[in-house]
Amino acid sequence: MEPFIKDLMSADDLSITHNEFSSTENLSNLCENMKIEFKETFGFNFHTNNLRDENLVKASIKNIVAFLNTAGGNLLIGIHDSGKISGLNNEIELHKSKDKFKLFFSDKVQKSIGSDMFYNYVDFQIIKIDNKLILNVECKPSDRPCFYDKKDFYVRANPKAEKLEGTNLIDYTRTRFD
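Everything in this summary refers to the structure shown in the same document. Bear in mind the structure is a predicted one, so any value in this text is a computation, not a measurement. (Residues numbered from 1 in each chain as written. Predicted model: local features only at pLDDT ≥ 70, side-chain atom pairs only at ≥ 80, totals over all residues. Heavy atoms only, no water.)

So, on to the packing of aromatic side chains. Considering all chains together, one arrives at nine aromatic pairs under this definition. Seen in terms of ring centroids, Phe42 and Phe105 are 5.0 Å apart; in terms of plane orientation they differ by 65°. Their pairing is edge-to-face. Of the two residues, Phe42 is situated in the loop between β1 (36-39) and α3 (54-69) and Phe105 in helix α5 (residues 98-113); the sequence distance between them amounts to 63 residues. Here Phe105 falls in the buried class, since its relative accessible area comes to 0%. Ring geometry for Phe44 against Phe46: centres 4.8 Å apart, planes inclined by 85°, an arrangement best described as edge-to-face. On the basis of relative accessibility, which here comes to 40%, the residue Phe46 falls in the partly exposed class. Taken together, the ring pairs in this structure connect Phe42, Phe101, Phe104, Phe105, Phe118, Tyr119 and Phe124 into an aromatic cluster. (Phe/Tyr/Trp six-rings, centres within 6.5 Å; stacked < 30°, edge-to-face > 60°. Helix = DSSP H or I, 4+ residues; strand = E, 2+ residues; numbered from the N terminus. Buried < 20%, exposed > 50% of the residue type's maximum accessible area, 1.4 Å probe, protein only.)

Written as structure tokens, this is what we have:
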């Protein structure tokens, strides 16, 4: 087995739960790693003013897939890669309400990974930190392979989602899911 795959299989338990967030103090020690990923936005492209930028949506969902296929983890949407909290307030406002934003999020994720994966392994909640809204997506490790749009397989490779193909995909799934 490739050393890269062995490293993925022995990830430390670095995930977090909703109640660990109460202020920027608790987030200031966090950085992207095997179990934590930051995204500034889910689908809103600030540069083009596009509310539903499919490239940004895919960037978030492929990390959810990677967490499910590896050891679980948290996707924190509303936080810049630098760790600065930008919040989702503007994006949620453009969707007209928190509920409509959450429906948009859940619909996109569910369609990309399947209902069974979504309902059994993904939990999400909007939390407020210093008057900024963040979406914390908790992902449990799946007991079977999860694919993005039924074709792309991702794993978490310290701080990013890595696409596996060919023999790397076969070796990884045999070790992780058998």
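Further notes follow.
Formed by 31 residues in total, the largest nonpolar core has its most connected members in Ile64, Phe105, Ile113, Leu135 and Val137. Taken together, the elements giving at least two residues each to this core come down to α3, β2 (73-77), α5, α6 (115-121), β3 (122-129) and β4 (132-139). Ranked by residues supplied to this core, first place goes to α3 with seven residues. Residue contacts for Ile113: discarding those within four places in its chain leaves Ile61, Val65, Leu68, Phe118, Val122, Cys146 and Phe147. (Core = buried A, V, L, I, M, F, W, Y, C linked by side-chain atoms within 4.5 Å. Contact = heavy atoms within 4.5 Å.)

Attention shifts here to α5. Relative to the 22 Å expected for 16 residues at 1.5 Å per residue, α5 spans 22 Å between its end C-alpha atoms, a close match to the ideal helical length. Listed as buried for α5 are Phe101, Phe104, Phe105, Ser106, Val109, Ser112 and Ile113. Structurally, α5 contributes buried residues whose contacts are with α3, β2, α4 (89-94), α6, β3 and β4. Phi turns positive, to about 100°, at Gly114, one or two residues after α5. (Expected span 1.5 Å × (residues − 1).)

Our next topic: the pairing of β2. Burial analysis of β2 places five of its five residues in the buried class, which makes it a mostly covered element. Taking every second residue as pointing to the same face, both faces of β2 are buried, with Gly73, Leu75 and Ile77 on one and Asn74 and Leu76 on the other. Relative to β2, β1 runs parallel, the two being bridged by four bridges. Counted as the bridge partner of Glu37 is Leu75 from β2. Chirality of the crossover, the property in question, places the unit of β1, α3 and β2 among those that are right-handed. (Pairing = 2+ DSSP bridges. Right-handed = clockwise from strand over helix to strand, strands pointing away.)

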